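# Descriptive analysis of the structure
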Amino acid sequence: MDSLRLRARVLARVRDYFARAGVLEVDTPVLSPAGATDPALHSFRTRYHGPGPLHGSSLYLQTSPEFPMKRLLAAGSGSIYQICKVFRDGESGRRHNPEFTLLEWYRLGFDHFDLMDDVESLLRSVLEGLVPLESVDHWSYRELFTEVAGVDPFTASAAELRACLQSHAIDPPVGLSPDDHDGCLDLLMTHIIEPRLGPGLVFIRDYPASQAALARLRPGTPPVAARFEAYLNGIELANGYHELSDAAEQGRRFEQDNARRVAQGLDPVHVDTRLLAALASGLPNCAGVALGIDRLLLVAAGSDALGGVIAFPLDDA
Amino acid sequence: MATYSTNEFRGGLKIMIDGDPCSIIENEFVKPGKGQAFNRVKIRNLKTGRVIERTFKSGESVEGADVLDIELQYLYSDGEFWHFMDQGSYEQHAADATAVGDAAKWLKEQDVCEVTLWNGTPLAVTPPNFVMLKVTDTDPGVRGDTSGGGGKPATLETGAVVRVPLFIDIGETLKIDTRTGEYVARAKE
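Just so you know, the residues in each chain are numbered from 1, in the order the chain's sequence is written. Lettering of chains starts at A and numbering of ligands starts at 1, both following the order in which they are written. Given that the model is predicted, a residue must reach a pLDDT of at least 70 before its local features are reported, and side-chain atom pairs must reach 80 or more before they are shown or counted; all residues, however, enter totals for whole chains, interfaces and linings. Here the side-chain values reflect all heavy atoms present in the structure, with hydrogen atoms and water set aside.

Per the convention used, a helix needs a DSSP run of H or I reaching at least four residues, while a strand needs a run of E reaching at least two, with both numbered from the N terminus. Counting secondary structure elements, chain A contains nine helices and twelve strands. Here the C-alpha atoms of chain A give a radius of gyration of 20 Å, agreeing with the 20 Å that 2.2 N^0.38 yields for 317 residues. Along the first, second and third principal axes, the C-alpha atoms of chain A reach 60 × 50 × 40 Å. Surface accessibility in these figures is a Shrake-Rupley result with a 1.4 Å probe; residues are shielded only by whichever protein chains are displayed. Carbon and sulfur atoms make up 53% of the accessible area of chain A, which amounts to about 13,700 Å² in all. Every radius of gyration here is taken over C-alpha atoms, with the globule rule written as 2.2 Å times N^0.38, N being the number of residues.

See the structure below:
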């Protein structure tokens with residue numbers, strides 16, 4: 001019951017924060033004929049039997065409200081936020097539940113640096129009197145890997161990344177192909193870096209271009225993704241982008257994702273053509289971030305597993 | 001043998017790793033914010049007892065290990081093998097010194113032990129949590145000293161040496177906790 005009250009209180013504070021900031025709360029569909037193409041995301045699918053043109057078609061349960069929210073932004077909504085349920089098949093563990101509550105927001109005129117400040121200020125306001133925010137650190141992805149893992153993620157080959165894993169006593173995992181560069185980086189992140197992030201709020205920014213997802217690229221040598229992740233007390237909490245607004249580039253990334261899905265033996269996902277049309281009509285310059293509410297509650301409650309802050313986890317749903 | 005996907009991993013599941021039967025102790029699902037999911041697994045090698053850590057790409061499959069824990073009655077040792085019997089089928093199994101390991105010093109004829117079989121061969125022997133064993137050698141008992149302070153070594157009928165209170169005499173039967181190797185009480189005759 002304490003965790004229910006904590007959830008209600010945290011959500012009230014979130015809404016209060018955005019009301020004061022003049023950010024509009026919105027509500028977009030959970031079901032859509034288009035889904036997320038990211039090969040690492042697995043959407044639940046269901047079938048619609050009712051009347052209308054979608055009769056008999058397969059619908060995806062959203063993995064995030066990003067696409068419809070961007071359509072609202074393109075239609076002139078101004079800065080918006082949403083608190084909603086999202087669904088990800090295949091994700092279950094101490095810090096994962098196949099359905100969870102996401103807070104997603106977009107600020108017009110912000111880049112990812114402005115948005116990191118906004119995340120910090122929201123967390124200060126929401127966590128006040130619950131848990132102290134001990135420190136705030138900013139790292140670039142490259143600095144962090146060089147400092148903590150002792151390897152440059154932008155210049156090391158997949159073989160060198162594997163050697164680095166082994167130097168940290170991590171055996172290359174079963175099923176990871178020898179030339180999977182990003183797979184090795186993901187492993188270094190989950191096995192070496194995350195456990196050493198320590199207490200406080202840590203922002204990691206400027207991800208490799210291959211991990212841009214829906215972020216725009218910042219030119220440079222090498223170019224980096226204008227993307228950040230926020231970790232609170234070592235728990236991955238939020239992922240944000242200076243949003244990609246180039247419809248053609250977005251279309252290419254969807255195609256690449258689907259090609260990778262097929263190569264991995266996964267079903268391709270129906271691309272959101274309405275999002276592409278909205279981007280083509282013009283997405284205002286904005287940055288957006290998705291923050292896991294259940295994980296935030298985990299930190300606020302000083303708990304170790306999501307089961308402690310979700311009323312009924314999947315096994316008990 | 002069946003194969004198991006990482007989605008079926010749970011504590012106690014027996015799988016083959018590098019040709020050895022292993023038991024999963026702990027299975028953790030990890031995933032960076034964006035990117036691939038992995039299962040980080042702590043595994044006990046059932047042949048060596050060593051605990052190792054392995055990472056699997058989520059969704060991968062692993063061969064299961066034909067490992068079975070059954071209750072068998074200990075019969076006797078011929079010096080090289082320890083012989084056990086299934087009290088239901090009367091089938092006998094011979095365990096070598098590697099499989100019996102430290103359990104040897106607690107094995108008393110007719111006691112029922114948990115034996116781990118891999119492809120039908122004993123891999124490990126777990127003695128009962130509590131065994132009743134007779135004292136074959138110890139210093140003379142000090143009558144009336146029930147303080148429990150101090151203590152002295154006593155050799156038991158199986159050859160095991162445990163620390164016992166001062167009042168214990170040769171010929172007495174003691175209840176021993178095999179998990180800690182500690183004296184629990186004098187057995188009531």
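Turning our attention to the interface of chain A and chain B. With 29 residues of chain A at the interface, the matching set in chain B holds 17 residues. Between chain A and chain B, roughly 2,100 Å² of surface is buried when both sides are summed, and carbon and sulfur atoms account for 53% of that area. The largest contributions to the chain A side of the interface with chain B come from Val174(A), Asp186(A) and His191(A), which together make up 24% of the buried area. In the sections that follow, a salt bridge refers to a side-chain nitrogen of Lys or Arg positioned within 4 Å of a carboxyl oxygen of Asp or Glu. Along the contact surface separating chain A from chain B lie three salt bridges. Note that Arg94(A) and Glu28(B) form a salt bridge whose closest N and O atoms lie 2.3 Å from each other. Any two residues having at least one pair of non-hydrogen atoms within 4.5 Å are treated as being in contact. Once two parts are put together, the accessible area they lose, assessed with a 1.4 Å probe and summed over both, is termed the buried area.

Okay, the nonpolar core next. Residues and elements named next belong to chain A. Here the nonpolar core consists of buried residues drawn from Ala, Val, Leu, Ile, Met, Phe, Trp, Tyr and Cys, with membership extended through side-chain atoms lying within 4.5 Å. Only protein chains enter the accessibility calculation, which uses a 1.4 Å probe. A residue is then buried if its area is under 20% of the maximum for its type, exposed if over 50%, and partly exposed in between. Phe145, Val151, Leu188, Met189 and Ile204 are the most contacted members of the largest nonpolar core, which totals 45 residues. For this core, the secondary structure elements donating two or more residues are helix H2 (66–74), helix H4 (141–149), helix H5 (158–167), helix H6 (181–193), strand E8 (201–208), strand E10 (224–232), helix H7 (247–263) and helix H8 (273–282). Broken down by element, this core gets its largest block of residues, seven residues, from H6. With sequence-adjacent residues up to four places away left out, Val151 is seen in contact with Phe145, Thr146, Ala156, Leu161, Cys164 and Leu188. Of all hydrophobic cores here, the second largest spans 40 residues; its members include Met116, Leu127, Leu133 and Leu237.

This brings us to unusual backbone geometry. Leaving glycine out, the prevailing phi sign among residues is negative, and the prevailing peptide bond configuration is trans. For the bond running from Thr221(A) to Pro222(A), omega is -10 degrees, close enough to zero to count as cis. Mapping Pro222(A) onto the fold places it in the loop between strand E9 (217–218) and E10. Look at Asp18(B): it is not a glycine, yet its phi comes out positive at around 50 degrees. Tracing the sequence through the fold places Asp18(B) in the loop between strand E2 (14–17) and strand E3 (20–30). Positive phi, close to 85 degrees, is recorded for Gln110(B), a residue that is not glycine. Along the chain, Gln110(B) falls in the loop between helix H1 (97–100) and strand E10 (112–118).

Turning our eyes to something else, we now look at the packing of aromatic side chains. Residues and elements named next belong to chain A. Only rings of Phe, Tyr and Trp enter the pairing, Trp through its six-membered ring, and a pair is recorded when the two centres are within 6.5 Å. The plane angle decides the type: under 30 degrees is stacked, over 60 is edge-to-face, the rest tilted. Evaluation of the coordinates by the stated rule reveals ten aromatic pairs over all chains. Taken together, a centroid distance of 5.3 Å and an interplanar angle of 85 degrees make the contact between Tyr17 and Phe18 edge-to-face. A relative accessible area of 9% places Tyr17 in the buried class. When the ring of Tyr141 is compared with that of Tyr207, the centres are 4.7 Å apart and the planes differ by 45 degrees; the resulting orientation is tilted. Note that Tyr141 is positioned in helix H4 and Tyr207 in strand E8, a separation of 66 residues in sequence. Tyr207 matches Tyr141 in its accessibility class, with the two residues each being buried. An aromatic cluster is defined as three or more aromatic residues linked by ring pairs; in this entry it consists of Tyr17, Phe18, Tyr81 and Trp105. Stacked on the ring of Tyr207, the Lys or Arg Arg227 has its end atom at 4.0 Å from the ring centre. For a Lys NZ or an Arg CZ to count as sitting over a ring, it must be within 6 Å of the ring centre and within 35 degrees of the ring normal.

Here we take up the sheet that holds strand E11 (residues 121–126) of chain B. Residue and element names in this part refer to chain B. Between any two strands, pairing holds if DSSP finds at least two bridges. The strand order across the open sheet built from five strands is E9-E8-E7-E10-E11, with neighbouring strands paired in antiparallel fashion. Taken across any chain shown, the strands that pair with only one partner, and hence form the sheet edges, are strand E9 (92–95) and E11. When the angles between neighbouring strand axes are averaged without regard to direction, this sheet yields 45 degrees. Where strand E7 (residues 67–77) lies against E10, seven bridges are found, and the strand directions are antiparallel. Bridge pairing in E10 links Glu71 to Glu114. Note on method: axes are straight lines fitted to C-alpha atoms, helices fitted across the in-contact stretch only, with angles between N-to-C directions ranging 0 to 180 degrees.

Our next topic: helix H9 (residues 293–301) of chain A. Residues and elements named next belong to chain A. Counting buried positions along H9 gives eight out of nine residues, so the element sits mostly inside the fold. Within H9 the residues assigned to the buried category are Ile293, Asp294, Arg295, Leu296, Leu297, Leu298, Val299 and Ala300. Against helix H1 (2–21), strand E6 (99–108), helix H3 (112–127), E10, strand E11 (235–242) and strand E12 (286–292) lie the buried residues of H9. After H9 finishes, the residue Gly302 shows a positive phi value of roughly 65 degrees.

Next up on the list: the packing of H1(A) against H3(A). All names here are of chain A. Put simply, H1 and H3 touch, their axes get as near as 9 Å, and they point 130 degrees apart. Here H1 is positioned oblique relative to H3, judged by the angle of their axes. By crossing handedness, the relation of H1 to H3 is classed as right-handed. Across from Val10, Arg13, Val14, Tyr17, Phe18 and Arg20 in H1, the residues of H3 making contact are Asp118, Ser121, Leu122, Ser125, Val126 and Leu127. Three residue categories are used. Nonpolar comprises Ala, Val, Leu, Ile, Met, Phe, Trp, Tyr, Cys and Pro, charged comprises Asp, Glu, Lys and Arg, and polar comprises the others, including Gly. For the contact of H1 with H3, the class distribution of residues is seven nonpolar, two polar and three charged. The labels follow the angle: roughly parallel below 35 degrees, roughly antiparallel above 145, roughly perpendicular from 65 to 115, and oblique for the rest. Crossings are classed by handedness, with left-handed meaning an anticlockwise turn of the near helix from the far one by less than a right angle and right-handed meaning a clockwise turn.

What follows covers the confidence of the model for chain B. Fine structural detail should not be taken from predicted coordinates in areas where pLDDT scores are low. All names here are of chain B. Mean pLDDT over chain B stands at 91; residues scoring 70 or higher make up 96%. Confidence of the predictor in every single residue is expressed as pLDDT, which spans 0 to 100. Mean pLDDT across the elements of chain B ranges from a minimum in H1, with 91, to a maximum in strand E8 (residues 82–85), with 96. The complex prediction reports pTM at 0.83, with the ipTM value standing at 0.86.

Next up on the list: H6(A). All names here are of chain A. Most of H6 sits out of view: eleven of its 13 residues are buried. Residues Gly183, Cys184, Leu185, Asp186, Leu187, Leu188, Met189, Thr190, His191, Ile192 and Ile193 constitute the buried set of H6. Polar contacts here mean pairs of N or O atoms no more than 3.5 Å apart (in protein, one a potential hydrogen donor and the other a potential acceptor; neighbouring residues in sequence count only if both atoms are side-chain atoms). Where H6 starts, the residue carrying a side-chain oxygen 2.7 Å from the main-chain nitrogen of Gly183 turns out to be Asp180.

Here Glu147(A) lies in helix H4. Distance in space between the C-alpha atoms of Glu147(A) and Val309(A) is 34 Å, their sequence separation being 162 residues.

Turning our eyes to something else, we now look at the pattern of salt bridges. Enumeration over the complete set of coordinates arrives at 28 salt bridges over all chains. Of the charged contacts, one joins Arg40(B) and Glu53(B) as a salt bridge, the two residues approaching to 2.7 Å between their closest N and O atoms. Taken together, the residues Arg40(B) in strand E4 (residues 38–45) and Glu53(B) in strand E5 (residues 51–57) connect sequence positions 13 residues apart. Overall, Glu53(B) belongs to the partly exposed group, its relative accessible area being 34%. Salt bridges sharing common partners tie together Glu66(A), Lys70(A) and Glu243(A).

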